[in-house]
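Structure assessment
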Amino acid sequence: MATLDDAADIASALPDVVEGERHGHRTWFVSGKAFMWDRPFSKADLKRFGDETPPDGPILATVVADLGEKEALLAAEPRGFFTIPHFDGYAAVLIQLKRALKRDLRVAITDAWLACAPPKLADEYLTRRRSRSR
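Calculation criteria
Residues numbered from 1 in each chain as written. Predicted model: local features only at pLDDT ≥ 70, side-chain atom pairs only at ≥ 80, totals over all residues. Heavy atoms only, no water. Helix = DSSP H or I, 4+ residues; strand = E, 2+ residues; numbered from the N terminus. Rg over C-alpha atoms; globule rule 2.2 N^0.38 Å. Buried < 20%, exposed > 50% of the residue type's maximum accessible area, 1.4 Å probe, protein only. Contact = heavy atoms within 4.5 Å. Areas by Shrake-Rupley, 256 points an atom, 1.4 Å probe, with all protein chains shown as cover. Lys, Arg positive; Asp, Glu negative; His and termini not counted. Charge placed at Lys NZ, Arg CZ, Asp CG, Glu CD. Pairing = 2+ DSSP bridges. Axes fitted to C-alpha atoms, helices over the stretch in contact; angles between N-to-C directions. Parallel < 35°, antiparallel > 145°, perpendicular 65-115°, else oblique. Left-handed = near helix turned anticlockwise from the far one by under 90°. Nonpolar A, V, L, I, M, F, W, Y, C, P; charged D, E, K, R; others polar.

Counting its secondary structure elements, the protein chain contains 5 helices and 6 strands. Order of helices (α) and strands (β) in the protein chain, N terminus to C terminus: α-β-β-β-α-β-α-β-β-α-α. Relative to the 2.2 N^0.38 estimate, which gives 14 Å for 134 residues, the radius of gyration of the protein chain is 15 Å and therefore close to what a compact globule would have. The principal-axis extent of the C-alpha atoms belonging to the protein chain is close to 50 × 30 × 30 Å. Scored against the burial criterion, the 134 residues of the protein chain give a buried share of 41%. For the protein chain, contacts bridging at least 24 residues in sequence account for 53% of all contacts bridging at least 6. Of the roughly 7800 Å² that the protein chain leaves accessible, carbon and sulfur atoms contribute 51%. For the protein chain, the distance from the average position of its 20 positive side-chain charges to the average position of its 20 negative side-chain charges is 3 Å.

Let's shift gears to the sheet that holds strand β1 (residues 17–22). With antiparallel pairing, the 6 strands of this open sheet are ordered in space as β1-β2-β3-β4-β6-β5. The open sheet has two free edges, formed respectively by β1 and β5 (81–82), since each of these has just one partner strand. The sheet contact formed by strand β2 (residues 25–30) and strand β3 (residues 33–38) spans 4 bridges and is antiparallel. When the bridges of β3 are listed, T27 appears paired with W37. Set on the sheet, helix α1 (residues 4–12) makes contact with β1, β2, β3 and β4 (59–63); between it and β2 the angle comes to about 20°.

With that settled, the discussion passes to the packing of α1 against helix α4 (residues 102–116). Orientation of α1 relative to α4, taken along the N-to-C sense of each, is 45°, at an axis distance of 10 Å. Comparing their axes, α4 and α1 come out oblique. Read as a crossing pair, α1 and α4 show a hand that is right-handed. Contact residues: D6, A7, I10 and A11 in α1; K102, L105, R106 and I109 in α4. Partitioning the contact of α1 with α4 into residue classes produces 5 nonpolar, no polar and 3 charged.

Here you go:
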């Protein structure tokens, strides 16, 4: 089980991350681009769930590289990952933190960061990561 603080810690460990606020919610940025944010459901979202019970607890949104990656990620069915109609056509997924595994959360946040970081910064990060794993 993961928490919003776990997500914040993972994001803060990545290069050049700034935590701020957007639309009244905690948001994490790299080079001015939001890659992750706290995403509670709006009244419209809740209405779209109809009789279905919406996922509870903190919900995190993370960017993915493109819609193909989003489709592949959701098809893999990692625990706690999902989408809603509001996100149709948008390259991001939602994560019900209390159901997500921390390792899956770490991968999702890192991938979101890589999708938004400037290419040079992303390349430097990947090079450092590869050299540490040798």
